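Summary of structural features
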Amino acid sequence: MKVSTKFYTIFFVLFLLIFVNIQVNASYIDKNNKRILFDFNWKFQLGDVQNAETNEVNDDNWRDLDLPHDWSIEGEISEDAPAGGNGGYFPTGIGWYRKHFDIIKEDLNKIIWIEFDGVYMNSDVWINGNHLGNYPFGYSSFYYDITPYLKAGENIIAVKVDNSQQPNSRWYSGSGIYRNVWLIKQDPLHIAHWGVYVTTPEVSKESAVIEIKTKIDNENKSLQNGKLRSVLLDSKGNQVAKNEIGFSIDSEKTQELNQQIKINSPSLWSVNSPTLYKLHQTIVNENNEVDSQTTIIGIRKIEYDVNKGFFLNDEHIKMNGVCLHHDGGSVGAAVPIGIWKYRLEKLKKMGCNAIRTSHNPPAPEFLDLCDEMGFLVMDESFDEWKIGKRKYAYNMYFDEWNKTDLIAMLHRDRNHPSIVLWSVGNEIPDQKTEEGAKTLKALTDICHEEDPTRPVTSACDNIAADGGATTLEFLNALDIVGYNYVDRWHERQELYFSIDRHEHPNWKMIGTENGSNHGNNRGSYSLGDDLNSVKPDYNYNMINSEQLWKFVKIHDYVIGDFMWTGIDYLGESRWPGISRSFAPLDLCGFPKDGFYFYQSQWTAEPMLHLFPHWNWEGREGQIIPVLCYTNCNEVELFVNGKSYGEKRIEFPRQGHSGAWNKFDNPVVNPTTADLHLQWDIPYSPGTLKAVGKVNGKIVSTFEIKTTGNPSKLKLLPDSDTLLIDERGVANVRVEILDSQGNIVPTADNLVTFLIEGEGKIIGVGNGDPNDHMSFKLSERKAFNGLCQVVIQSTQKSGKIKLTAKSNKLKEAHLDLYSH
């Protein structure tokens, strides 16, 4: 039979359309083909809606959106907002979500769950008008079995989110279904929810033992026989080992199966080489594979020594940590994974190797990134127990819900190799009471029961406090004593951990939260209001954090320290501020000067950083302090080609080695005991240039120039390709440049954005904590020369074109791609 060319053309086009559709939709189904991302095509209505839980309510005029969604970040900033400065002066309230979806008749024979990674807060869920339950805590993941209420054809999920009782948080929480939702379809004989627990009790470079505990649910009406097959795959997908075990489970019962896998020459998970394996498990029943699940694991060994601190795979590691809240700046609490990846890459470049999830369980994909990128994680559960900090916060629910919420965190997260420590509380007021020690014991007992492989801490801010200190019973109940602001009280300003080290030599100690070297807002410097005198505000804020780091660094018994915070965050603010600037990275992820301090101490690649900027018109001839962070040991400063001398720095200082007056490295003769260098320079416009040397050899240079007026824009994306299956984002840095291409450090031009093609703007920002413009507009003022626009792909492949415009400046264009 002869087929025309036209037929082939039509067939090819149809094939492409079908193929693209399959690829796009399949990308949201996990590789087990039973866990389906359920984020798309929801309806939303702000405010309470009568009968919205019923199938009869008409939602045609509700807003169409995809999850995750945070309605607070979309609202108007107001000094009168009920959440106040705790919530960054954003609105809260009540919101309703509904989703219409079809179930085919064959699926009615399956067990079907709906799983929420996080809803803030007080969620109620209905399916076809049937109430499934209420979940108060906004940070726990939870699920419901919706099998009994489904019908063939259209079904409707309704979710009410009530964040109206304020204040209920000390920081910005967001409002809504702000994390992913999943639909899980499975055989009545299946692996239980969070039913896989993997440990590595024996680990060396030569071999490893992997123990697997798997709970299997039999929801059939009869006894079921079968076998569980567990296959370990390496990072390239090659089978490394395999184990099979038979089972026989009565109807409506759950059984736990124990398996062990031994492998030779394992690739160990570490902060510098975070190698991951896949454990693929299959249930075989009557020769049919009825259920499967893949768990990502890492093979590693952790140890805490009271004298030497923390060891990973027998290697001593100091935890160079940061605390992180859960918001993503301009996107609020609904944070795409691409934003977290961008932020974690910045922290990694700074030399950070550890993260504390303050003060709640994070999104599951955040922990996936920590596994992949090699971060050590302190996973934290609560900010309150029985004694509250805010009127409507978690203390209202603690007695009823603490065990449920803690176990949810432990079961969900315990297979992550990145997690090396559990925290059951932050600055808990109960720490000062007799009852608090009893509560702590109950919580630590749960942790030890559900995961005996990791120790437990709580972040204590009242150790040695006047007017009510943490009780000794409380501290003795901790596996590791966590110190918040160890230098806060009296002589501890200088002695830090050493007092308790002397009095309690068996305590293991960690800095769970301490002040960071954050300086001022990014790029903000002042010499005072009087043009006839110089009173700088940027040359002293680093002293406390420098001295603390010196102590932590040289005392091995201090496991590490987690600075407050790694990235600026929304809330916990005072008007007109809407965010707090405690971090070395601002709300956009742009580095502040403090970023380079930590980089100088935590990384080995030669680096230099000078500050402040050199635009001081009207200050000619006045003496201005110029500061430098560096890991070079000699730095010479030039101003317009003239040398202002060499400064030297060394930490830790070296002692004699091998013989008297012999040294392993060339002698430095440091000019300061601080961890920064400083020159006092008479101001004249032009160029500052620092030349850094190590052992007399030039290894790094850094320049700051006096700039001209703003002339043009420049767009710099962190990525030019947006992956649809990750709902990819590009974090685009916008620079205001002078005619010579230098960033103008005082520029505040308004920048307008135009986007075309398969992308959308999901957030704009600039790092200014006092800027009240909406994060959801298509324009933003620059703050000290920079602003940011975040672009997210649509669900189609194609080109994205971004244009940035500003009055009297040359516009900029950027091409991105979605696939």
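Residue numbering note: each chain is counted from 1, following its sequence as written. Local features are withheld for residues below a pLDDT of 70 in this predicted model, meaning they are given only at 70 or higher, and side-chain atom pairs are given and counted only at 80 or more; totals for whole chains, interfaces and linings count all residues. Derived side-chain values reflect all non-hydrogen atoms in the structure, with water molecules and hydrogen atoms excluded from consideration.

**Let's talk about the overall build of the protein**
Filter applied, for reference: Labels follow the DSSP assignment, with helices taken as runs of H or I lasting at least four residues and strands as runs of E lasting at least two, numbered in each case from the N terminus. We compute the radius of gyration over the C-alpha atoms and compare it with the globule rule, which gives 2.2 Å times the number of residues raised to the power 0.38. Accessible area is worked out with a 1.4 Å probe on protein chains only. A residue is then buried under 20% of its type maximum, exposed over 50%, and partly exposed in between.
Each helix and strand counted, the protein has 10 helices and 46 strands in total. The C-alpha atoms of the protein give 28 Å as radius of gyration, which agrees with the globular expectation for 819 residues (28 Å, within 12%). Taking the principal axes of the C-alpha coordinates as reference, the protein spans close to 85 × 70 × 60 Å. Looking at the protein as a whole, 57% of its 819 residues qualify as buried.

**Topic: the pattern of salt bridges**
Which entries qualify depends on this criterion: For salt bridges, the criterion is a side-chain nitrogen of Lys or Arg within 4 Å of an Asp or Glu carboxyl oxygen.
One pass over the full model with this rule turns up 31 salt bridges. In this structure, the salt-bridge partner of Arg 35 is Glu 115, at a minimum N-O distance of 2.7 Å. One end of the pair, Arg 35, is in strand 1 (residues 35-37); the other, Glu 115, is in strand 5 (residues 111-116), and 80 residues separate them in sequence. When its relative accessible area of 3% is taken as the criterion, Glu 115 is described as buried. We note a salt bridge from Arg 522 to Asp 586, for which the minimum N-O separation is 2.7 Å. Note that Arg 522 is positioned in the loop between strand 27 (509-515) and helix 9 (543-554) and Asp 586 in the loop between strand 30 (579-580) and helix 10 (593-602), a separation of 64 residues in sequence. When its relative accessible area of 5% is taken as the criterion, Arg 522 is described as buried.

**Looking at the packing of helix 2 (residues 337-350) against helix 10**
Filter applied, for reference: To define axes, lines are fitted to C-alpha atoms, for helices over the stretch in contact only, and angles between the resulting N-to-C directions are given on a 0 to 180 degree scale. Orientation is classified from the angle alone, with under 35 degrees giving roughly parallel, over 145 giving roughly antiparallel, 65 to 115 giving roughly perpendicular, and any other angle giving oblique. Note on contacts: a residue pair is in contact if any heavy atoms of the two residues lie within 4.5 Å. When residues are grouped by polarity, Ala, Val, Leu, Ile, Met, Phe, Trp, Tyr, Cys and Pro land in nonpolar, Asp, Glu, Lys and Arg in charged, and all others, Gly among them, in polar.
Direction vectors running N to C along helix 2 and helix 10 enclose 55 degrees, while the axes themselves pass 8 Å from each other. Judged on the interaxial angle alone, helix 10 and helix 2 are oblique. For the pair helix 2 and helix 10, the contacting residues are Lys 346, Lys 349 and Met 350 in the first and Phe 595, Tyr 598, Gln 599 and Trp 602 in the second. Residues belonging to the contact of helix 2 with helix 10 are distributed by class as follows: 4 nonpolar, 1 polar and 2 charged.

**Topic: the sheet that holds strand 44 (residues 786-793)**
Strand-to-strand pairing in sheets goes through backbone hydrogen bonds, with the strands running parallel or antiparallel. What counts is decided by this rule: DSSP bridges decide pairing: two strands pair if at least two such bridges lie between them.
Taken in spatial order, the 4 strands of this open sheet run 38-40-44-42, and their pairing is antiparallel. Each edge of the open sheet is held by one strand with a lone partner, namely strand 38 (712-717) and strand 42 (759-765). Across the sheet, the mean angle separating the axes of adjacent strands is 25 degrees when strand polarity is ignored. On the sheet, helix 2 packs against strand 40 (729-737) and strand 44 and is oriented at approximately 55 degrees with respect to strand 40.

**Details of helix 4 (residues 398-413)**
Taking burial as the measure, the 16 residues of helix 4 include 12 buried ones, the bulk of the element. Taken as a whole, helix 4 has its buried residues at Phe 398, Trp 401, Asn 402, Asp 405, Leu 406, Ile 407, Ala 408, Met 409, Leu 410, His 411, Arg 412 and Asp 413. Buried residues along helix 4 sit against strand 7 (130-135), strand 11 (189-203), helix 3 (364-373), strand 23 (376-380), strand 24 (419-426) and helix 5 (434-450).

**Looking at unusual backbone geometry**
The step from Trp 564 to Thr 565 runs through a cis peptide bond, and the omega angle for that step is -10 degrees. Here Thr 565 lies in the loop between strand 28 (558-564) and strand 29 (569-570). Omega for the bond connecting Phe 611 with Pro 612 falls within 30 degrees of zero, at 10 degrees, which places this linkage in the cis form. With respect to the secondary-structure elements, Pro 612 resides in the loop between strand 31 (608-611) and strand 32 (623-630).

**Considerations on the side chain of Ser 270**
Applied cut-off: Each polar contact in these results corresponds to two N or O atoms within 3.5 Å; when the atoms are within protein, one needs to be able to donate a hydrogen and the other to accept it, and residues that are neighboring in sequence are counted only if both atoms are side-chain atoms.
By the secondary structure assignment, Ser 270 is in the loop between strand 15 (253-264) and strand 16 (277-285). Using a relative accessible area of 18% as the deciding quantity, one classes Ser 270 as buried. Here the side chain of Ser 270 touches Ser 273 through a polar contact of 3.0 Å, landing on its backbone nitrogen.

**Considerations on the state of the cysteines**
Disulfide: a covalent bond connecting the sulfur atoms of a pair of cysteines. What counts, and what does not: For the purposes of this analysis, a disulfide is any pair of cysteine sulfur atoms at a distance within 2.5 Å.
Scanning all chains against the criterion turns up 0 disulfides. Residue Cys 460 stays outside any disulfide, its sulfur separated by 14 Å from that of Cys 323, the closest cysteine. Of the cysteine sulfurs around Cys 787, a residue in no disulfide, the closest is that of Cys 588, at 7.9 Å.

**Details of the pairing of strand 16**
Regular strands have side chains that alternate between both faces of the sheet. Of all the 9 residues making up strand 16, 7 are buried; the element is thus mostly covered by neighbouring parts of the structure. Relative to strand 16, strand 13 (residues 224-233) runs antiparallel, the two sharing 7 bridges. Within strand 16, the position partnered with Lys 227 by the bridge is Val 284. Where strand 16 meets strand 17 (residues 288-297), 9 bridges bridge the pair, whose relative direction is antiparallel. Within strand 17, the residue paired with Tyr 277 across the bridge is Ile 297.

**A word on the packing of aromatic side chains**
For any pair of aromatic rings, the description rests on two quantities: the centre-to-centre distance and the angle between the ring planes. For clarity, the threshold we go by: Any two rings among Phe, Tyr and Trp, with Trp reduced to its six-membered ring, count as a pair given centres within 6.5 Å; such a pair is stacked if its planes are under 30 degrees apart, edge-to-face if over 60, and tilted if neither.
This model, assessed by the stated rule, comprises 38 aromatic pairs. On the numbers, 4.8 Å between centres and 40 degrees between planes, the contact of Phe 44 with Tyr 97 is tilted. With a gap of 53 residues between them, Phe 44 in strand 2 (residues 42-46) and Tyr 97 in strand 4 (residues 93-103) connect regions that are remote in the sequence. Of the two residues examined, Phe 44 and Tyr 97, each falls in the buried class. On the basis of an interplanar angle of 10 degrees and a centroid distance of 4.5 Å, the ring pair of Tyr 135 and Phe 142 is categorised as stacked. Take Tyr 135: its relative accessible area is 7%, and that puts it in the buried class.

**Let's talk about helix 10**
The element helix 10 is extensively covered by neighbouring structure, given that 9 of its 10 residues are classed as buried. For helix 10, every residue scored as buried is listed here: Asp 593, Gly 594, Phe 595, Phe 597, Tyr 598, Gln 599, Ser 600, Gln 601 and Trp 602.

**Examining the side chain of Arg 454**
Structurally, Arg 454 can be placed in the loop between helix 5 and strand 25 (456-460). Among the polar contacts listed, one links the side chain of Arg 454 to the backbone oxygen of His 416, at a separation of 2.9 Å. A distance of 2.8 Å separates polar atoms of two side chains, one belonging to Arg 454 and the other to Asp 451. Setting aside residues no more than four positions away along its own chain, Arg 454 makes contact with Arg 300, Ile 302, Arg 414, His 416, Ile 419, Val 420, Leu 421 and Trp 422.

**Thoughts on the environment of Ile 419**
Note that Ile 419 resides in strand 24. Distance from Ile 419 to Phe 375, taken between C-alpha atoms, is 8.4 Å for residues 44 residues apart in sequence.

**Observations concerning the pairing of strand 5**
For strand 5, the tally of buried residues reaches 6 of 6 residues, placing the bulk of the element in the interior. Taking every second residue as pointing to the same face, both faces of strand 5 are buried, with Ile 111, Trp 113 and Glu 115 on one and Ile 112, Ile 114 and Phe 116 on the other. In this sheet, strand 10 (residues 181-186) lies alongside strand 5 in antiparallel orientation, the contact comprising 6 bridges. Within the sheet, the bridge partner assigned to Ile 112 lies in strand 10 and is Lys 185.

**Describing the sheet that holds strand 20 (residues 315-316)**
An order of 18-19-20 is seen for the 3 strands of this open sheet, with the pairing classed as antiparallel. Lying at the two open borders of the sheet, with one neighbouring strand each, are strand 18 (302-305) and strand 20. Pairing between strand 19 (residues 309-312) and strand 20: 2 bridges, direction antiparallel. If you follow Phe 311 over to strand 20, its bridge partner there is His 316.

**Here we look at the confidence of the model for the protein**
Short version of the rule: pLDDT is a per-residue confidence score from the predictor, ranging from 0 to 100.
Confidence in the prediction of the protein, expressed as mean pLDDT, is 94, and 96% of residues score 70 or more. Throughout residues 1-32 the model reports pLDDT below 50, and contacts reaching past four residues in sequence, or to other chains, amount to 20 contacts.

**Observations concerning the nonpolar core**
Our working definition: To define a nonpolar core, start from buried Ala, Val, Leu, Ile, Met, Phe, Trp, Tyr and Cys residues and group those joined through side-chain atoms within 4.5 Å.
In this structure, Trp 42, Tyr 97, Phe 116, Ile 177, Leu 344, Leu 347 and Phe 497 are the most contacted members of the largest nonpolar core, which totals 137 residues. Top contributing element to this core by residue count: helix 4, with 7 residues. Aside from chain neighbours lying at most four places away, what touches Trp 42 is Arg 63, Asp 64, Leu 65, Leu 67, Tyr 97, Arg 98, Lys 99, Ile 157, Val 159, Ile 177 and Val 181. Within the second largest apolar cluster, 23 residues are counted, among which are Val 196, Leu 228, Ile 283 and Ile 299.

**Structural notes on the environment of Leu 737**
Mapped onto the elements, Leu 737 comes out in strand 40. With 30 residues separating them in the primary sequence, Leu 737 and Thr 707 have C-alpha atoms 8.6 Å apart. When neighbours within four sequence positions are excluded, Leu 737 is seen to be in contact with Asn 709, Pro 710, Ser 711, Lys 712, Lys 714, Asn 742, Ile 743 and Val 744.

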